[in-house]
Amino acid sequence: MLVLPDRDAAEEVLEELATRFPDLDDPELVRDALAGEDDAEDAQWLLVVEAPEDGWTEAQLAELDAVARAQEGWREED
């Protein structure tokens, strides 16, 4: 799962992942409101990315990290 600061960043990462990993299933884009916050400005966006059948390689995980960091986000493991 990639955590991103806003919807624009999440959509950019979604496009980037489609280019870098064309064989992946489509990631799910989810708005994650912070606890107790109703304002859309206080939401993070999550990209739920399913691992390939063979699992992630270290190189692929490094790519995911780099793509997320470029948009001020990060990767969280399940």
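Right, let's walk through the structure included here. The shown structure was predicted, so the numbers you read here are calculated from the model rather than taken from an experiment.

Cut-off values and rules
Residues numbered from 1 in each chain as written. Predicted model: local features only at pLDDT ≥ 70, side-chain atom pairs only at ≥ 80, totals over all residues. Heavy atoms only, no water. Phe/Tyr/Trp six-rings, centres within 6.5 Å; stacked < 30°, edge-to-face > 60°. Helix = DSSP H or I, 4+ residues; strand = E, 2+ residues; numbered from the N terminus. Pairing = 2+ DSSP bridges. Salt bridge = Lys/Arg side-chain N within 4 Å of Asp/Glu carboxyl O. Buried < 20%, exposed > 50% of the residue type's maximum accessible area, 1.4 Å probe, protein only. Expected span 1.5 Å × (residues − 1). Arc of directions from axis to C-beta. Contact = heavy atoms within 4.5 Å. Polar contact = N/O pair within 3.5 Å; in protein donor to acceptor, adjacent residues only side chain to side chain.

### Thoughts on the packing of aromatic side chains
- All chains considered together, the criterion is met by one aromatic pair.
- On the numbers, 6.0 Å between centres and 80 degrees between planes, the contact of phenylalanine 21 with tryptophan 56 is edge-to-face. Separated by 35 residues along the polypeptide, phenylalanine 21 in the loop between α1 (7-20) and β2 (28-33) and tryptophan 56 in the loop between β3 (43-48) and α2 (58-70) bring together distant segments of the chain.

### So, the pairing of β3
- As defined by bridge partners, strand β1 (residues 2-4) adjoins β3 across three bridges and the pair is classed as antiparallel. Residue leucine 2 lies in a different strand from β3, and its bridge partner there is leucine 47.
- Examined bridge by bridge, β2 and β3 share six bridges and lie antiparallel to one another. Bridged to arginine 31 within β3 is tryptophan 45.

### Let's talk about the pattern of salt bridges
- Evaluation of the coordinates by the stated rule reveals five salt bridges.
- Two residues, arginine 7 and glutamate 11, come together in a salt bridge whose shortest N-O distance is 2.8 Å. Placement of both arginine 7 and glutamate 11 in helix α1 is noted, with a separation of four residues, approximately one turn of the helix.
- A salt bridge links arginine 75 to glutamate 77, with the nearest nitrogen and oxygen atoms 3.3 Å apart.
- Owing to a relative accessible area of 22%, arginine 75 belongs among the partly exposed residues under this scheme.
- Because the salt bridges share partners, they merge into one network encompassing Glu16, Arg20 and Glu63.

### Some words on unusual backbone geometry
- The residue glutamate 72 is not glycine, and still its phi comes out positive at about 60 degrees.
- Inspection of the secondary structure puts glutamate 72 in the loop between α2 and β4 (74-75).

### Description of α1
- Between its terminal C-alpha atoms α1 stretches 20 Å, which fits the 20 Å expected from 14 residues at 1.5 Å a residue.
- Those residues of α1 lying buried are Ala9, Ala10, Val13 and Leu17. Along the axis of α1, the buried positions cluster into a sector of 95 degrees, meaning they face one direction only. Seen from the open side of α1, the exposed residues pointing more than 90 degrees away from its buried face are Asp8, Glu15 and Thr19.
- Structurally, α1 contributes buried residues whose contacts are with β1, β2, β3 and α2.
- Between the side-chain oxygen of the N-cap and the backbone nitrogen of aspartate 8 there are 3.2 Å, and the N-cap of α1 in question is aspartate 6.

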